[in-house]
Amino acid sequence: MRGRTKSDEVRSELLRSAAERGASYLAALGQRSVRPSPEAIAKLDRLETPIPEKAGDPAAALAELDEFVSPATLATAGPRFFGFVIGGSLPVALAADWLAAAWDQNAAIDSVTPGVARVEAVALRWLLDVLGLPADADGAFVTGATMANFTALAAARHAVLARAGWDVEADGLTAAPPVTVVTGEEAHPTLIKALALLGFGRRRIVRLPVDGQGRARAGSLPRIDGPTIVCLQAGNINTGAFDPFESICMPARDAGAWVHVDGAFGLWAQASPRLASLSRGVELADSWATDAHKWLNVPYDSGLAFVREPDVLPRAMAISAEYLPAPGARRNPCDYTPELSRRARGVEIWAALRSLGREGVAELIERNCRQARRFAERLAAAGFEILNDVVLNQVLVSFGSPETTLRVIDSVQEDGTCWCGGTVWQGHTAMRVSVCSWATTDEDVELSIDAVLRAARRVRATG
Ligand SMILES: Cc1ncc(COP(=O)(O)O)c(C=O)c1O
């Protein structure tokens, strides 16, 4: 034991300063342009210096970050950011993240870092409950839905090949029985990337035709023969639509396939009694992937993989080494994740669920969906075409020709009141509105729609 030292004082002062700077940054977000100004971006050049030869003042490093980087950020944490299905962090989740960063725990082994291992185990149980998934499923805290898909699909790969008498972890894929992988035509590219990383080959994937909302057509499932993984989607990145789980999951599983669901944001519909009918039957799958940094509004990077059969995920992921403690009575998180060392990202999920409760999560999801419908109503009333059925939090708007729509998107971003991105979906160029933040009030939605309508008028006036 020792008394407080000078470096303890310096650290406390730095952390206080970071907290104050962070709080001031967030408090100002609602008033500033969502897009950073060209001047702020130009000033980033000032960071392009050689590495300092000598040690410097840590407080000066923090001050420089705040001076140059804070103004050059996109205000994704603010109330009027509607791009990429990105929601700002709940204050309690951000604060818990800061506290967990101070703990600096490696959340790999229960007996070594028991506090965070236990809090993550509780968070996992709560997540299964709030998402309506089987209570005895197991899971992993990973960096995002890309890695959640990868993790769950590694379990799928293990299971379907084990059933065919093949140990893929030991013997690899080179001489393995072929695995048929099926996805909808509008599967998210990161799902395809995860499949490619697992050695399934992008070109070998069987793509199911989709309907006018991007849903895989139920009757299009091919005859299942041999090791097969069927990947479905909860929440199409453009339309928010859901694949027909009820009509695909059971026939596929009965025929021996493993069914995986990419529910990066759409799986959260399960948390709302009003919206859960959208994802009816999703709980029948074998594995699921979702993001907590999307709709639970916790800081990056936070994805979740869940696997129905608790034994399967560790078969794909478990690790042992002489220098690591032997497994104890409780599960070691590193036997479920691709990584050995990682931050305890489940802590902020626990804090978010602890403070929102079941009702708060449902309210967040329902409010954002209602706000998305409001966007669609007012833009349609102004004469613009809404391309999708607005079932969730995604709205696709066309302002006329592709060129006109792109000019409106540019004009919206330049105006800075809000930020929406573009897409091309089923051949149509559209502005994409994703409502995904606890911070978005109904007033923010009205201000944003006013800004979009102003942008459309400006584009029309300039011909
Ligand atoms: C359906 C779907 N799957 C996967 C992803 C990838 O998620 P992440 O960027 O967290 O890896 C996204 C991202 O938007 C998505 O919408």
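Quick caveat, the model's predicted, so the values are computed rather than measured.

### Some thoughts on the packing of aromatic side chains
- Applying the stated criterion across every chain yields a total of six aromatic pairs.
- For the ring pair Trp-126 and Trp-350, a centre distance of 5.8 Å and an interplane angle of 20 degrees mean the geometry is stacked. Of this pair, Trp-126 sits in helix α5 (residues 114-130) while Trp-350 is found in helix α11 (residues 346-381), placing the two residues 224 residues apart along the sequence.
- On the numbers, 4.9 Å between centres and 55 degrees between planes, the contact of Phe-384 with Phe-399 is tilted. Taken together, the residues span a long stretch of sequence, with Phe-384 in the loop between α11 and β8 (385-386) and Phe-399 in the loop between β9 (394-398) and α12 (402-415) at a distance of 15 residues.
- Given the relative accessible area of 12%, Phe-384 is considered buried.

### Re the side chain of Gln-371
- With respect to the helices and strands, Gln-371 occurs in helix α11.
- A polar atom in the side chain of Gln-371 sits 3.1 Å from the side chain of Asn-368.
- Not counting residues up to four positions away in its chain, the partners in contact with Gln-371 are Val-435, Thr-440, Thr-441, Asp-442 and Val-445.

### A few points about the sheet that holds strand β1 (residues 138-142)
- The seven strands are arranged β1-β7-β6-β5-β4-β2-β3 in an open sheet whose pairing can be described as mixed. Taken across any chain shown, the strands that pair with only one partner, and hence form the sheet edges, are β1 and β3 (206-208). Across the sheet, the mean angle separating the axes of adjacent strands is 20 degrees when strand polarity is ignored.
- Pairing of strand β4 (residues 228-233) with strand β5 (residues 258-262), which is carried by five bridges, proceeds in the parallel orientation. Residue pairing for β5: Val-230 is matched across the bridge by Val-259.
- Where α5 meets the sheet, it contacts β1 and β7 (303-307), and its direction lies at approximately 115 degrees from that of β1.

Thresholds, definitions, all that
- Residue numbers restart at each chain and count upward from 1, following the sequence in its written direction.
- Since the coordinates come from a predicted model, pLDDT governs what is reported: local features require at least 70, and pairs of side-chain atoms require 80 or more to be given and counted, while whole-chain, interface and lining totals use all residues.
- Where side-chain values are given, they derive from all heavy atoms of the structure, hydrogens and water being excluded.
- Pairing of aromatic rings covers Phe, Tyr and Trp, the last through its six-membered ring, and needs centres within 6.5 Å; plane angles under 30 degrees mean stacked, over 60 mean edge-to-face, and all others mean tilted.
- Numbering of helices and strands starts at the N terminus; helices are DSSP runs of H or I of at least 4 residues and strands are runs of E of at least 2.
- Only protein chains enter the accessibility calculation, which uses a 1.4 Å probe. A residue is then buried if its area is under 20% of the maximum for its type, exposed if over 50%, and partly exposed in between.
- Polar contacts, as counted here, are pairs of nitrogen or oxygen atoms within 3.5 Å of one another; within protein the pair requires one atom able to donate a hydrogen and one able to accept it, and residues that are adjacent in sequence qualify only if both atoms are side-chain atoms.
- The contact definition used throughout considers only heavy atoms, calling two residues in contact when any of these lie within 4.5 Å.
- The pairing criterion is simple: DSSP has to find at least two bridges between the two strands.
- Comment: axis = line fitted to C-alpha atoms, over the contacting stretch for helices; angle = value between 0 and 180 degrees taken between N-to-C directions.

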